[in-house]
Amino acid sequence: MIVTLILGLQVWGIARGRVEQDRYFCWAPYDTFTEYDVHVRGAEGWLDADEVARRYRIPKSGRDNRFPEHVIDVFRQYEETYGRKNPVIELRLNYRINGGAEQTWNWPEAR
Amino acid sequence: MELARSALKLCHWAEGWAPFRFHGTALAPAELLSAKLLVAYFILHRWDLGGQVFLPFWQGLDSMPLETNLLRGIVFGAFYGFAGMLFFNWWPRFSALGAGVVLLWAIFASRLDYSNSRLFFGVFLILLGLQDGSAGMKWALRAQLVLVYGGAALNKLLDPDWRDGSALAYYCGKILDLDHWHMITQVVPVFVFGWVVIAAEALLAIGFSRRRWVSRAIWLGLAFHIGMLVFTMGRLSWIFLYAMATAYIAVAPNLLESPVRVPTAFTDSKECWRRLRATPHLYMGLITCLWLAKYLTDKVSFYF
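**Side note on the overall build of chain A**
Point 1. Scanning chain A for helices and strands turns up three helices and five strands.
Point 2. Ordered by position from N to C terminus, the α and β elements of chain A give α-β-β-α-β-α-β-β.
Point 3. Referenced to the eigenvectors of the C-alpha coordinate spread, the extents of chain A come out at roughly 55 × 35 × 30 Å.
Point 4. Looking at chain A alone, contacts between residues at least 24 apart form 54% of all its contacts between residues at least 6 apart.

So, in structure tokens, the structure goes:
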């Protein structure tokens, strides 16, 4: 019963990965390579690399061997939860998927 | 023959100590060996278990009243507690299950700690803990491998960047900047490499789906992971080779069924080697060599 549940959840994860933009729990190791660079402006001005790393616990720029949503989710979830106490004015994430064209994700997101 | 006999004696002697004894517990010997090796990886690499709640997958965890360092301490203590129990064969099913749950907890508690390898270690340990020592439950371990390889093949198959090879071209050509990649792709179109990976992963998923194909799937899997490691000059991926080679031990048919026996007299060297091949210690040694190779590679690349 528990075994079936564990395996079934993974089947659900793989199926979910086909409709969602992220790829959590669907066994997609090293499937997509995302290079990113984030620019964050707080009340005191633009955050430097150390301040970004302290706030989000990931580097200001770097590479993630997964889909860009894995990086986006870090910034989005932080700003929606812990970041409310000390919100940023603007966050701009520039990223490339597999070395392709540069794309941008902004916070606050356009509604 | 003397070498094999001495090795057998050493294995027999090692069995006298619980961490190197694999027979006579609630888990089948191959499963117990697999569980011990999976847990050993975390300890040997001093892998940060995480455990603190930060950007959890389930946001309800944010309201946990425990202080971060206390929570990390609990996770650390629980994992090493279960690891100790497992190594000394105290309730091995329960301890493998517990170690797996701790690893999954660390992933759910922080999306920063999410990784496919860590997830595999956690899930596989849980499945090992749920084994009942009979061959009847092995299907669950094989099903896990089918899901891993099948999921990986499907994700790549449905990704245009893998079908035309551009994802691999970017990784091998730009990120790793492999000289031999640039040379080979002068002759062989890049999409071929993408399809080779997709086909290998799909074949592995099919291979592990049938019990009688498992042995062949294991050889293919070892060739695939070692080949990938050689092709990427040791960059991708030691951890998956370790994890998969360890998992293969648990699903391999008819492995390690009887305790080590050292006959008083040998007349047949084949028999001697056959008995050695049936010892868990041989596989433990091979996987340890794998870990040592990674360790030494890391050290060498640090100095250069």
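What follows picks up the thread again.
**Concerning the overall build of chain B**
Point 1. Scanning chain B from N- to C-terminus turns up 14 helices and zero strands.
Point 2. In chain B, the succession of helices and strands from N to C terminus is α-α-α-α-α-α-α-α-α-α-α-α-α-α.
Point 3. Against the 2.2 N^0.38 benchmark of 19 Å for 304 residues, chain B shows a C-alpha radius of gyration of 21 Å, consistent with a compact globule.
Point 4. In terms of principal-axis extent, the alpha carbons of chain B reach across some 60 × 60 × 45 Å.
Point 5. Burial analysis of chain B (304 residues in total) assigns 40% to the buried set.
Point 6. In chain B, of all internal contacts separated by at least 6 residues, the share reaching a separation of at least 24 is 69%.

**Structural notes on the domain arrangement of chain A**
Point 1. Partitioning chain A into domains gives domain 1 (1-26) and domain 2 (32-107).
Point 2. Computed from C-alpha atoms alone, the centre-to-centre distance between domain 1 of chain A and domain 2 of chain A is 27 Å.

**Examining the interface of chain A and chain B**
Point 1. With 27 residues of chain A at the interface, the matching set in chain B holds 32 residues.
Point 2. Broken down by secondary-structure element, the contributors of at least two residues to the side of chain A that touches chain B are α1 (2-19) and α3 (68-80) of chain A.
Point 3. It is α1 of chain A that provides the largest number of residues to the side of chain A that touches chain B, a total of eight residues.
Point 4. Of the residues that constitute the side of chain A that touches chain B, the class distribution is 15 nonpolar, seven polar and five charged.

**Digging into the nonpolar core**
Point 1. Phe75 of chain A together with Ala35, Ala99, Phe124, Leu125 and Tyr149 of chain B are the most contacted members of the largest nonpolar core, which has 97 residues in total.
Point 2. The residues contacting phenylalanine 75 of chain A, other than those within four sequence positions of it, are Val38, Tyr56, Leu91, Leu93 and Trp107 of chain A.

**Focus on the domain arrangement of chain B**
Residue and element names in this part refer to chain B.
Point 1. If you check the domain split of chain B, you get domain 1 (1-21 + 258-304), domain 2 (30-133) and domain 3 (139-255).
Point 2. Just the C-alpha atoms count here: the centres of domain 1 and domain 3 sit 28 Å apart.
Point 3. On the side of domain 3, seven residues touch domain 1, which itself brings six residues to the contact.
Point 4. Partitioned by chemical class, the residues of the side of domain 1 that touches domain 3 number four nonpolar, one polar and one charged.

**A word on helix α5 (residues 116-129) of chain B**
Point 1. Its 14 residues place the ends of α5 of chain B 20 Å apart at the C-alpha level, agreeing with the 20 Å of an ideal helix rising 1.5 Å per residue.
Point 2. Among the 14 residues that make up α5 of chain B, 13 are buried, leaving the element largely enclosed by the rest of the structure.

**Remarks on unusual backbone geometry**
Point 1. In this structure, proline 108 of chain A follows tryptophan 107 of chain A across a cis peptide bond, with omega equal to 0 degrees.
Point 2. Among the secondary structure elements, proline 108 of chain A is positioned in the segment after β5 (102-107).
Point 3. The peptide bond linking leucine 236 of chain B to serine 237 of chain B adopts the cis configuration, its omega dihedral lying at -10 degrees.
Point 4. Looking at the secondary structure, you find serine 237 of chain B in the loop between α11 (214-231) and α12 (238-251).
Point 5. In the Ramachandran plot, tryptophan 91 of chain B falls in the positive-phi region, its phi being about 40 degrees despite a non-glycine side chain.

**Some details on the pairing of strand β1 (residues 34-42) of chain A**
All names here are of chain A.
Point 1. Relative to strand β3 (residues 61-64), β1 is paired through four bridges, and the arrangement is antiparallel. In the sheet register, tyrosine 36 faces β3, and the bridge partner there is glycine 62.
Point 2. Direction of pairing for β1 relative to strand β4 (residues 90-97): antiparallel, over a ladder of eight bridges. Paired with glutamate 35 across the bridge in β4 is arginine 96.
Point 3. Inspection of the sheet shows β1 paired to strand β2 (residues 45-46) by two bridges, in the antiparallel sense.

**Topic: the pairing of β4 of chain A**
Residue and element names in this part refer to chain A.
Point 1. Note: β4 against β5, six bridges, orientation antiparallel. Across the sheet, residue leucine 91 finds its bridge partner in β5, namely tryptophan 107.
Point 2. Taken together, β4 and the strand that follows it, β5, pair antiparallel across an intervening segment of four residues, in which asparagine 98 is found at a positive phi of about 50 degrees.

Rules behind the numbers
Residues numbered from 1 in each chain as written. Chains lettered and ligands numbered in written order. Predicted model: local features only at pLDDT ≥ 70, side-chain atom pairs only at ≥ 80, totals over all residues. Helix = DSSP H or I, 4+ residues; strand = E, 2+ residues; numbered from the N terminus. Contact = placed C-beta atoms within 7 Å. Rg over C-alpha atoms; globule rule 2.2 N^0.38 Å. Buried ≥ 20, exposed ≤ 12 C-beta atoms within 10 Å, placed from the backbone. Domains from an automatic or database assignment. Nonpolar A, V, L, I, M, F, W, Y, C, P; charged D, E, K, R; others polar. Core = buried A, V, L, I, M, F, W, Y, C linked by C-beta atoms within 7 Å. Expected span 1.5 Å × (residues − 1). Pairing = 2+ DSSP bridges.

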